[in-house]
Amino acid sequence: MVIVGAGALGAGNAEALVRAGIGKLTIIDRDYVEWSNLQRQQLYSEADAIARLPKAIAAKRRLEQINSEVEIEAIVGDAGPEELEAIAAEQRPDVWIDATDNFDTRLVLNDVAYKYRIPWIYGACVGSYGLSCAFIPGRTPCLYCLLETVPQGGLTCDTAGIIGPAVQMVVSYQVAEALKMLVEDWAALRGKLVSFDLWTNEYAAVRIDAVKKEDCPTCGRHPSYPFLSYDQRTKAAVLCGRDSVQIRPPVQREYEIDELAEMFRRQGLQTEANPYLVAVSLGGGKRLVVFADGRALVHGTKDVHEAKTIYYRYLG
Amino acid sequence: MTLTINGETVTVPDEVKTVSDLLSYFQLTNKLAIVEVNVRIIEKHEYGTTALADGDRIEIVHFVGGG
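Residues numbered from 1 in each chain as written. Chains lettered and ligands numbered in written order. Predicted model: local features only at pLDDT ≥ 70, side-chain atom pairs only at ≥ 80, totals over all residues. Heavy atoms only, no water.

### Topic: a nonpolar patch on the surface
Part 1: There is a patch of nonpolar side chains on the surface, built from A:Leu179, A:Leu182 and A:Val183 and spanning about 240 Å² of accessible area.
Part 2: Mapped onto the secondary structure, A:Val183 falls in the loop between helix H8 (164–182) and strand E7 (192–197). (Patch = residues over 30% accessible without salt bridge, like charges linked within 9 Å, V, L, I, M, F, W, Y side chains within 5 Å. Areas by Shrake-Rupley, 256 points an atom, 1.4 Å probe, with all protein chains shown as cover. Salt bridge = Lys/Arg side-chain N within 4 Å of Asp/Glu carboxyl O. Helix = DSSP H or I, 4+ residues; strand = E, 2+ residues; numbered from the N terminus.)

What follows is the structure, given as structure tokens:
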């Protein structure tokens, strides 16, 4: 199985599935552990936050303590079209679990899942609200059929926060559907988009089979998988719940972390490093964190242009 | 008009006549949502023309991105 994202939903799904004793779990995440994650991201500890460990690495370490018989592969990186297609082609997972925090990645995952005919289970939450739905190629419509458009901003935990029980509820829906798929009990699947609000005590469920569109670019008669063919520009994304922007260079770079840290120190910048990343304080409340593959997080801004400027100023 | 929305009995003002009106009443207009009326999903282009009647059973699920 593959879990895309190792935040709150990723950590919850991973622990439940590893305790259930699945054979192999791959978990991919681009971020590292911070103090504010500990309120809900159950695999991580204060020591992980102090060390700024990449979430995929910290997750793997904890999961191996929980059940050493499950093979865990940790990928520190962005879940873009190339990465997810490579995983699909090489590993042929039985199920994808969506634990991402944005719709751009979900629509890429939706395309990859339908192209390689692998079920995926959507999950999302914000505040006390959450929802989930299993998308199964050949059996159900896809996420794009439901959305008809790409949602723009304003729908993440950035402003609303999140309570732990909402995470656990979504995790429960996702894991239950995953277990049904793993034992091939297809008749037991819910077949509905389900949502709840644990604060206002609401619940809703909508049967999705009727929304399948024959001209859907992902699951219709002539699929083009539009989200796999985005041109290779420098990509930037505001991170969920954080005053941060991720910058992803058009071509993957390979930095020697030690050399990179030394370069920043020579510029007189306060620099800390671990084997996976370098963190640099830039003053004015801004920090730059660079991973070995050239991805960077610019903290202290939500302005994508400002973040790109900072990235290229320091990394060229 | 009295509707059953997500399992709860809700009375809405008389101005609420269509699915569009209902979504604006609940301030969901700018959110991406799936709306089901009497077990039929309403396409987005039908929101303005789908009239609601007393006793309709409605399910509204809106999408969020966090995780």
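What follows continues from the structure just given.
### Describing the interface of chain A and chain B
Part 1: Contacts between the two partners involve 38 residues from chain A, matched on the other side by 18 residues from chain B.
Part 2: Both sides together, the interface formed by chain A and chain B hides about 2100 Å², and carbon and sulfur atoms give 63% of it.
Part 3: At the boundary of chain A and chain B, one finds 1 salt bridge.
Part 4: In this structure, the salt-bridge partner of B:Glu43 is A:Lys213, at a minimum N-O distance of 4.0 Å.
Part 5: Along the contact surface separating chain A from chain B lie 9 residue pairs in polar contact (both at pLDDT 80 or more).
Part 6: The dominant element in the side of chain A that touches chain B, judged by the number of residues it contributes, is strand E8 (residues 202–207) of chain A, at 6 residues. (Contact = heavy atoms within 4.5 Å. Buried area = accessible area lost by both parts, 1.4 Å probe. Polar contact = N/O pair within 3.5 Å; in protein donor to acceptor, adjacent residues only side chain to side chain.)

### Overview of the environment of B:Ile60
Part 1: Residue position: B:Ile60 is located in strand E5 (residues 57–62).
Part 2: On the accessibility criterion, B:Ile60 (8% relative accessible area) is buried.
Part 3: Aside from chain neighbours lying at most four places away, what touches B:Ile60 is A:Ser195, A:Ala204, B:Ile5, B:Asn6, B:Leu22, B:Leu23, B:Leu28, B:Ala33 and B:Ile34. (Buried < 20%, exposed > 50% of the residue type's maximum accessible area, 1.4 Å probe, protein only.)

### Some thoughts on the layout of surface pockets
Residues and elements named next belong to chain A.
Part 1: In this structure, the second largest pocket spans a volume of roughly 430 Å³.
Part 2: Every residue lining the second largest pocket is counted, 30 residues in all, and those nearest its centre are Gly 7, Asp 29, Asp 31, Lys 55 and Asp 101.
Part 3: The class makeup of the residues in the lining of the second largest pocket is 11 nonpolar, 11 polar and 8 charged.
Part 4: A domain-level breakdown of the lining of the second largest pocket finds at least three residues from each of domain 1 (2–228) and domain 2 (235–315). (1 Å grid on protein atoms, 1.4 Å probe; cavity = no way out; pocket = protein on both sides within 12 Å on 5 of 7 lines; lining within 4 Å. Points joined across faces, edges and corners; volume = space filled by probe spheres on them. Nonpolar A, V, L, I, M, F, W, Y, C, P; charged D, E, K, R; others polar. Domains from an automatic or database assignment.)

### Notes on the pairing of strand E12 (residues 277–283) of chain A
It is a general feature of regular strands that their side chains alternate between the two faces of the sheet.
Residues and elements named next belong to chain A.
Part 1: Most of E12 sits out of view: 5 of its 7 residues are buried.
Part 2: Examined bridge by bridge, strand E11 (residues 270–274) and E12 share 5 bridges and lie antiparallel to one another. Counterpart to Thr 271 in the pairing with E12 is Val 280.
Part 3: Between E11 and E12, which pair antiparallel in sequence order, lie 2 residues.
Part 4: As judged from the 6 bridges shared by E12 and strand E13 (residues 286–291), these two strands associate in the antiparallel manner. Within E13, the residue paired with Gly 283 across the bridge is Lys 286.
Part 5: Adjacent in sequence and paired antiparallel, E12 and E13 are bridged by 2 residues, among which Gly 284 carries a positive phi angle near 65 degrees. (Pairing = 2+ DSSP bridges.)

### Some words on the domain arrangement of chain A
Residue and element names in this part refer to chain A.
Part 1: Each assigned domain of chain A is listed here: domain 1 (2–228) and domain 2 (235–315).
Part 2: Contacts between domain 1 and domain 2 engage 20 residues on the former and 21 residues on the latter.
Part 3: For the pair domain 1 and domain 2, the two sides together bury roughly 1800 Å², of which 46% comes from carbon and sulfur.
Part 4: Along the contact surface separating domain 1 from domain 2 lie 4 salt bridges.
Part 5: A salt bridge links Arg 287 to Glu 34; the nearest nitrogen and oxygen atoms lie 3.2 Å apart.

### Here we look at the packing of aromatic side chains
Residue and element names in this part refer to chain A.
Part 1: Here the structure, examined in full by the defined rule, presents 9 aromatic pairs over all chains.
Part 2: Each ring, one from Tyr 32 and one from Phe 291, has its centre 6.3 Å from the other, and the planes form 45 degrees; the classification is tilted. Of this pair, Tyr 32 sits in the loop between strand E2 (24–29) and helix H2 (46–50) while Phe 291 sits in strand E13; the two residues are 259 residues apart in sequence, bridging distant segments of the chain.
Part 3: Exposure remark for Tyr 32: the relative accessible area of 0% places this residue in the buried category.
Part 4: Exposure remark for Phe 291: the relative accessible area of 1% places this residue in the buried category.
Part 5: For the ring pair Trp 120 and Tyr 122, a centre distance of 6.4 Å and an interplane angle of 70 degrees mean the geometry is edge-to-face.
Part 6: You can call Trp 120 buried: its relative accessible area is 0%.
Part 7: Look at Tyr 122 and you get buried, because its relative accessible area is 0%. (Phe/Tyr/Trp six-rings, centres within 6.5 Å; stacked < 30°, edge-to-face > 60°.)

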